[in-house]
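Examining the three-dimensional arrangement
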Amino acid sequence: MPRIEPLTPPYPDPVDQALRRWMPPDVPHEPLTLFRVLHRNPELASRMFALGAGLLGHGSLPAIDRELVIARVTARTGCAYEWGVHAASLARQAGLGPEQLQATTDTDPAANVPWPPHHAALLAAVDELHDTARLSQAAWDALRVHYEDGQLLELLVLAGWYRTISYLANGLLLEEEPWGARFPAR
């Protein structure tokens, strides 16, 4: 049971319109629990929408790279809720396979999956950011080989944003969406 109950239908008109904007068209399920909880504070939800939608729909990182970062950040924070939402939909659409998604939850994501150099650099950067809230020069240099300045800025914001989302989902005790991928047991 989440610490703050999500809104349930029928939604007030402004909330209904906002929730429709947050969800892709023609999805066969209710808006995400996270979105319905956030709309207990519509002003905050509105401010969060701009950044979240921008990162997902208008970013400069390739979709597969974005989803790899999200999967690793949410795995490292133990956020089964957000990991499962992305693993079931956006990550697979972007091209991450089941073995790759499983590897994002492993202590060493490269132990069983041979990652291309740019993905290995992303995973190492996410781990370093998670552990230290900094990037070493070696990690930065490994990323610079593959990404432009704008993409590197986006990467840092993306990792921080999904850490924030993980704090939110974990702090609220959100249960995994019924249709989401199951977070592998550790």
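Our structure's up above, just so we're on the same page.
Below, the structure is looked at part by part. Predicted model only: the values in this text are computed from it and were never measured.

**Concerning the packing of aromatic side chains**
- Applying the stated criterion across every chain, the model contains three aromatic pairs.
- Taking the centre distance of 5.4 Å and the plane angle of 80° together, the rings of W83 and F183 count as edge-to-face. Here F183 lies in the segment after helix 10 (149-171) and W83 lies in helix 5 (residues 80-88), a separation of 100 residues in the sequence. Each member of the pair, W83 as well as F183, is classed as buried.
- Among the aromatic residues, those joined into a ring-pair cluster are W22, F35 and F49.

**Observations regarding unusual backbone geometry**
- With an omega dihedral of 0°, the bond running from P9 to P10 counts as a cis peptide bond.
- Looking at the element boundaries, P10 is found in the segment before helix 1 (13-22).
- With a phi close to 60°, A133 is a non-glycine residue in the positive phi region.
- Among the secondary structure elements, A133 is positioned in the loop between helix 8 (117-132) and helix 9 (137-144).
- In the Ramachandran plot, L173 falls in the positive-phi region, its phi being about 60° despite a non-glycine side chain.
- Tracing the sequence through the fold places L173 in the segment after helix 10.

**Topic: the pattern of salt bridges**
- Counted under the stated rule, the structure contains eight salt bridges.
- Linking E43 and R47 is a salt bridge whose minimum nitrogen-to-oxygen distance equals 3.6 Å. Placement of both E43 and R47 in helix 3 (residues 42-57) is noted, with a separation of four residues, approximately one turn of the helix. There is no split in this pair, since E43 and R47 are both exposed.
- Salt bridges linked by common partners bring R72, R76, D127 and D131 together as one network.

**A closer look at the nonpolar core**
- Judged by nonpolar contacts, the single largest core of 53 residues is most densely connected at V69, Y81, W83 and L143.
- Taken together, the elements giving at least two residues each to this core come down to helix 1, helix 2 (33-38), helix 3, helix 4 (63-76), helix 5, helix 7 (98-103), helix 8 and helix 10.
- Among the elements that make up this core, the one with the highest residue count is helix 10 (eight residues).
- The contacts of V69, once residues within four sequence positions are left out, are L122, V126, L155, L158 and A159.

Here is what the cut-offs are and how they apply
Residues numbered from 1 in each chain as written. Predicted model: local features only at pLDDT ≥ 70, side-chain atom pairs only at ≥ 80, totals over all residues. Heavy atoms only, no water. Phe/Tyr/Trp six-rings, centres within 6.5 Å; stacked < 30°, edge-to-face > 60°. Helix = DSSP H or I, 4+ residues; strand = E, 2+ residues; numbered from the N terminus. Buried < 20%, exposed > 50% of the residue type's maximum accessible area, 1.4 Å probe, protein only. Salt bridge = Lys/Arg side-chain N within 4 Å of Asp/Glu carboxyl O. Core = buried A, V, L, I, M, F, W, Y, C linked by side-chain atoms within 4.5 Å. Contact = heavy atoms within 4.5 Å.

No statement about biological role is implied by the geometric values presented.
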